[in-house]
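Survey of secondary and tertiary structure
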Amino acid sequence: IGRDDRARRYVWIARAIGMKTRVKMPKSRPFCKGCLLPMMPGINCTVRLSDHRTVTTCGMCGTVRRRPYLREQRK
């Protein structure tokens with residue numbers, strides 16, 4: 001990302017609006033809960049698959065996010 005400070009500010013504003021209106025952030029646009037940067041695989045985060053979950057690691061702060069991927073395995 002070219003301007004990390006702007007990206008953090010925009011995510012912070014979106015979260016503030018979401019909390020005020022009680023709307024969840026969309027899962028299609030993930031962000032790091034540690035440094036509030038938008039997560040873009042291959043640019044500022046790494047995504048690995050391990051034991052029925054996806055492990056996403058932020059490249060800036062090192063925060064790890066683990067999410068199950070059960071939907072793909074039920075087929």
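See the structure printed just above.
Residues numbered from 1 in each chain as written. Predicted model: local features only at pLDDT ≥ 70, side-chain atom pairs only at ≥ 80, totals over all residues. Heavy atoms only, no water.

Structural notes on helix α1 (residues 4-21)
The end-to-end C-alpha distance of α1, which contains 18 residues, comes to 26 Å, matching closely the 26 Å that a straight helix rising 1.5 Å per residue would cover. All of the buried residues along α1 are Ala 7, Val 11 and Gly 18. What you see down the axis of α1 is that its buried residues fit within an arc of 30 degrees, all on one side. Residues of α1 that are exposed and point more than 90 degrees away from the buried face comprise Asp 5, Ile 17 and Lys 20. Immediately beyond the C-terminal end of α1, within one or two residues, lies Arg 22, with a positive phi of roughly 60 degrees. (Helix = DSSP H or I, 4+ residues; strand = E, 2+ residues; numbered from the N terminus. Expected span 1.5 Å × (residues − 1). Buried < 20%, exposed > 50% of the residue type's maximum accessible area, 1.4 Å probe, protein only. Arc of directions from axis to C-beta.)

Focus: a nonpolar patch on the surface
Side chains of Tyr 10, Trp 12, Ile 13 and Ile 17 sit close together on the surface and give an oily, nonpolar patch of about 430 Å² of accessible area. Residue placement: Tyr 10 occurs in helix α1. Judged by relative accessible area, which is 52%, Tyr 10 ranks as exposed. (Patch = residues over 30% accessible without salt bridge, like charges linked within 9 Å, V, L, I, M, F, W, Y side chains within 5 Å. Areas by Shrake-Rupley, 256 points an atom, 1.4 Å probe, with all protein chains shown as cover. Salt bridge = Lys/Arg side-chain N within 4 Å of Asp/Glu carboxyl O.)

A closer look at the sheet that holds strand β2 (residues 53-58)
Taken together, the three strands give an open sheet; going across it, the order is β1-β2-β3, and neighbouring strands pair in antiparallel fashion. Looking at which strands have only one partner, the edges of the open sheet turn out to be β1 (45-50) and β3 (64-68). Direction aside, neighbouring strands of the sheet carry axes that sit 20 degrees apart on average. In the sheet, β1 pairs with β2 via six bridges, with the strands oriented antiparallel. By the bridge assignment, Val 47 is partnered in β2 with Thr 56. (Pairing = 2+ DSSP bridges. Axes fitted to C-alpha atoms, helices over the stretch in contact; angles between N-to-C directions.)

Considering a positive patch on the surface
Taken together, Arg 15, Lys 24, Lys 27 and Lys 33 make up a surface patch of like positive charges. Assignment of secondary structure puts Lys 24 in the loop between α1 and β1. (Lys, Arg positive; Asp, Glu negative; His and termini not counted. Charge placed at Lys NZ, Arg CZ, Asp CG, Glu CD.)

What about the layout of surface pockets?
Any empty space left between the atoms is revealed when a probe the size of a water molecule rolls over them. Estimated volume of the second largest pocket: approximately 200 Å³. The wall of the second largest pocket is formed by Lys 24, Met 25, Pro 26, Lys 27, Arg 29, Pro 30, Phe 31, Lys 33, Arg 65 and Arg 67. A per-class count over the lining of the second largest pocket returns four nonpolar, no polar and six charged. (1 Å grid on protein atoms, 1.4 Å probe; cavity = no way out; pocket = protein on both sides within 12 Å on 5 of 7 lines; lining within 4 Å. Points joined across faces, edges and corners; volume = space filled by probe spheres on them. Nonpolar A, V, L, I, M, F, W, Y, C, P; charged D, E, K, R; others polar.)

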